[in-house]
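Structural overview for review
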Amino acid sequence: MIRKKFRIQNETGLHLRPAARLSTEAMKYQCSIWIRNGEIERNGKSLMSILGVGARYQDEIEVICDGSDEEKAMENVGRLIEEGLGEE
């Protein structure tokens, strides 16, 4: 299991469009992926679960990957978050 913290870069936070990009990327991997914001931890492969995290601009979230391809998943999911999840 690996964990890493990321800061939400897009000013509108983790709303529908960036959450969809995040869940779509997460579904590419066999490992479990969890998104944590404070005390709230949700399935990173579920769009509705990601929205339930309630992450806003500059919130620090933690990504947790556990499984056979966890390193590749963390690398690519992390890059997507760091690049603003496709938002300007």
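The structure reproduced in this document is the subject of the present report. (Residues numbered from 1 in each chain as written. Predicted model: local features only at pLDDT ≥ 70, side-chain atom pairs only at ≥ 80, totals over all residues. Heavy atoms only, no water.)

Comments concerning the pairing of strand 2 (residues 32-37)
Which entries qualify depends on this criterion: Using a 1.4 Å probe on the protein chains alone, a residue whose accessible area is under 20% of its type maximum counts as buried, one over 50% counts as exposed, and one in between counts as partly exposed. Here a strand is any run of E in DSSP of at least two residues, a helix any run of H or I of at least four, and the numbering for each starts at the N terminus. Any two strands are treated as partners once DSSP identifies two or more bridges connecting them.
Every second residue of strand 2 is oriented toward a common face, the buried set being Ile-33, Ile-35 and Asn-37 and the non-buried set Ser-32, Trp-34 and Arg-36. Pairing between strand 2 and strand 3 (residues 40-43): 4 bridges, direction antiparallel. Paired with Trp-34 across the two strands is Asn-43, which belongs to strand 3. Counted along the chain from strand 2 to the antiparallel partner strand 3, the turn is 2 residues long, and its residue Gly-38 has a positive phi close to 65 degrees.

Focus: unusual backbone geometry
Not every positive phi belongs to a glycine, and Gln-58 is a case in point at roughly 70 degrees. Among the structural elements, Gln-58 can be located in the loop between helix 2 (47-53) and strand 4 (60-66). When its relative accessible area of 32% is taken as the criterion, Gln-58 is described as partly exposed. Phi angles above zero are rare outside glycine, and Leu-85 is one such case at about 55 degrees. Here Leu-85 lies in the segment after helix 3 (70-82). Classification of Leu-85 as buried rests on a relative accessible area of 1%.

Digging into the nonpolar core
Let me state the cut-off plainly: For this analysis, a nonpolar core means a set of buried residues of the types Ala, Val, Leu, Ile, Met, Phe, Trp, Tyr and Cys, connected via side-chain atoms within 4.5 Å.
If you look at the biggest cluster of nonpolar residues, it comprises 21 residues, and the most contacted ones within it are Leu-22, Ile-33, Ile-35, Ile-61, Val-63, Cys-65 and Ile-81. Of all the secondary-structure elements, those providing two or more residues to this core are helix 1 (16-26), strand 2, helix 2, strand 4 and helix 3. Among the elements that take part in this core, helix 3 stands out by supplying 4 residues, more than any other.

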